[in-house]
Amino acid sequence: GTSTHAPDDVDKHSGSDRHQQPPSRPITLEQTEALETPDFTEMQSKAQGADSGNMNDGKMKEDAKTTTGKKNSTETADATMDLQLHVEKLSIDDEQKQLRERVKSELIKNGYYDEEFCTDEELNRFAKARNFDFKKVYNMLKDAIEWRRKANPQSLRPKDVEPESLTGKTFVAGKDKYGRPVIVMDSGCENSKDHNGKINFLLFNLEHAKRLMEGNVDKWVIFIYLDKFSFFSAPPMKTSLETNRCLMLRYPERMGHCFLYQPPSLFSMCWKAASPLIDPRTKKKIHFMNGSFEKGSANDSKLTDIIGDNWRSLVGVDADYSATKARGYDHSKYWSNVEKFYSTGSPNNLEETKLDSEAPKMADGPANPAPTPNLADGPAQPAPSPPGAKLAQALR
């Protein structure tokens, strides 16, 4: 049969995905998994500093200017956004391409290669996540392919996960000004204790966000409401750890930005302790946001810079909180449109599947070409004429 052993130059006993660290501070796989994608159930926001929005009305404008001035331009300013880090498909040099081809050949040789999954772009992401170290890249990909064969996330459809979706605890709200899907999570709208159901629902949303990417866009934005977080209603540790593994090991280099809205104070100690060892690329993507989100506040300005003028309607920040309905979420309308997306092959236009308000289209973001939607994992796609006509008609 097909050989499934690791390549000869892969250290079978060092398959753990360690970051390179000084000899005096070796890091185990478990530590690495905890660091690359912080465990949001055990972290806290920065209590003070540039990311803090603890401002009273009297000095809001002054503090907003000060806070914005402290930010690195690649994190906040539209004109100087690091597109490779936060938005676009990775560009790699010839030497890195050669390593990618070596990994691909080894996967084919050992029976792990998945033609549908192992695109050049996907291999690039895994290679970047392991700093183009052949052994680590190969092991990470092998494990991910084995996992996908068992979990089969690309085959999940709306009917498989709808019970988990009723409160809108996780949903793809729309696209930001760069064309990145915005995934909204609300910790205060948990409605299930089913571990497998929760994970499948997460995977469905991640795969759905992938299908909605167009042109050179290769990353998503995650916005997490933590203002109603409670350890009593939080997912069990098993689910939290599996969520981290999925985000870090199964979908590497997919996160463009992650915003934590009003996280509890307990998160800060864990973040500060882990921060010195977290990869600088990852730290640039994660933003702890406390304080005022009123129009004109520092937080509002920051999110407008990074996401766009429509950030408020995208994430529903102005809507009232309810434990049974995420902010800005209308299940009957949203889920109906998600189902239509999978049944009709609608174009990748989330403006047509927005919830209870249309997000304005951005004119100041980078132009994205509009190729044929990437729905390779879905059913055969008819050619809508005109594009989106069915969904647009359904919403009238």
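Residues numbered from 1 in each chain as written. Predicted model: local features only at pLDDT ≥ 70, side-chain atom pairs only at ≥ 80, totals over all residues. Heavy atoms only, no water.

## Concerning the overall build of the protein
Looking only at helices and strands, the protein features 16 helices and six strands. Of all 396 residues assigned to the protein, the portion counted as buried reaches 53%. Considering only contacts within the protein whose residues lie at least 6 apart along the sequence, 80% involve residues at least 24 apart. (Helix = DSSP H or I, 4+ residues; strand = E, 2+ residues; numbered from the N terminus. Buried < 20%, exposed > 50% of the residue type's maximum accessible area, 1.4 Å probe, protein only. Contact = heavy atoms within 4.5 Å.)

## Thoughts on the packing of aromatic side chains
Going through the model one piece at a time under the given rule, you end up with 18 aromatic pairs. On the basis of an interplanar angle of 80° and a centroid distance of 6.0 Å, the ring pair of F117 and F126 is categorised as edge-to-face. The pair formed by F117 and F126 is uniform in burial state, with each residue classed as buried. When the centroid spacing of 6.3 Å and the interplanar angle of 55° are considered together, the rings of F293 and W311 count as tilted. Highlighted residues: F293 in the loop between strand 6 (286-291) and helix 13 (298-306) and W311 in helix 14 (residues 311-315), separated in sequence by 18 residues. With respect to burial, F293 and W311 carry one shared label: buried. Clustering of aromatic rings is evident, with ring pairs tying together F171, F204, Y329, Y334, W335, F341 and Y342. One cation-aromatic arrangement involves R102 over F134; the distance from NZ or CZ to the ring centre is 4.0 Å. (Phe/Tyr/Trp six-rings, centres within 6.5 Å; stacked < 30°, edge-to-face > 60°. Lys NZ or Arg CZ within 6 Å of the ring centre and 35° of its normal.)

## A word on the pattern of salt bridges
Taken as a whole and assessed by the stated rule, the structure comprises 25 salt bridges. The salt bridge partner of K169 is E190, with a shortest N-O separation of 2.7 Å. Of the two residues, K169 sits in the loop between helix 8 (158-165) and strand 2 (170-175) while E190 sits in the loop between strand 3 (181-186) and helix 9 (195-211), which places them 21 residues apart along the sequence. R327 serves as the salt-bridge partner of D186, at 3.1 Å between the closest nitrogen and oxygen. (Salt bridge = Lys/Arg side-chain N within 4 Å of Asp/Glu carboxyl O.)

## What to know about the pairing of strand 3
Taking burial as the measure, the six residues of strand 3 include six buried ones, the bulk of the element. Of the two faces of strand 3, both are covered, the one formed by P181, I183 and M185 as well as the one formed by V182, V184 and D186. Pairing geometry for strand 2 and strand 3, over five bridges, is antiparallel. Residue G174 lies in a different strand from strand 3, and its bridge partner there is V182. Hairpin connection from strand 2 to strand 3: five residues lie between these consecutive antiparallel strands, with G179 at a positive phi of about 90°. With five bridges connecting them, strand 3 and strand 4 (residues 220-225) associate as parallel partners. Residue pairing across strands places I183 opposite I222, the latter belonging to strand 4. Handedness of the β-α-β unit built from strand 3, helix 9 and strand 4 comes out right-handed. (Pairing = 2+ DSSP bridges. Right-handed = clockwise from strand over helix to strand, strands pointing away.)

## With respect to the packing of helix 5 (residues 94-109) against helix 7 (residues 134-151)
Relative orientation of the contacting elements helix 5 and helix 7 amounts to 45°, with a least axis distance of 10 Å. It follows that helix 5 is oblique to helix 7 by the angle criterion. Along this stretch, helix 5 crosses helix 7, giving a crossing that reads as right-handed. Every residue of helix 7 that contacts helix 5 at L99, R102, V103, E106 and L107 is listed here: F134, V137, Y138, L141, K142 and I145. When grouped by side-chain class, the residues that make up the contact of helix 5 with helix 7 number eight nonpolar, no polar and three charged. (Axes fitted to C-alpha atoms, helices over the stretch in contact; angles between N-to-C directions. Parallel < 35°, antiparallel > 145°, perpendicular 65-115°, else oblique. Left-handed = near helix turned anticlockwise from the far one by under 90°. Nonpolar A, V, L, I, M, F, W, Y, C, P; charged D, E, K, R; others polar.)

## A look at unusual backbone geometry
Located in the positive-phi region is F132, a residue other than glycine, with phi close to 55°. Take F132: it is sitting in the loop between helix 6 (120-129) and helix 7. Despite not being glycine, E253 has its phi angle at roughly 55°, a positive value.

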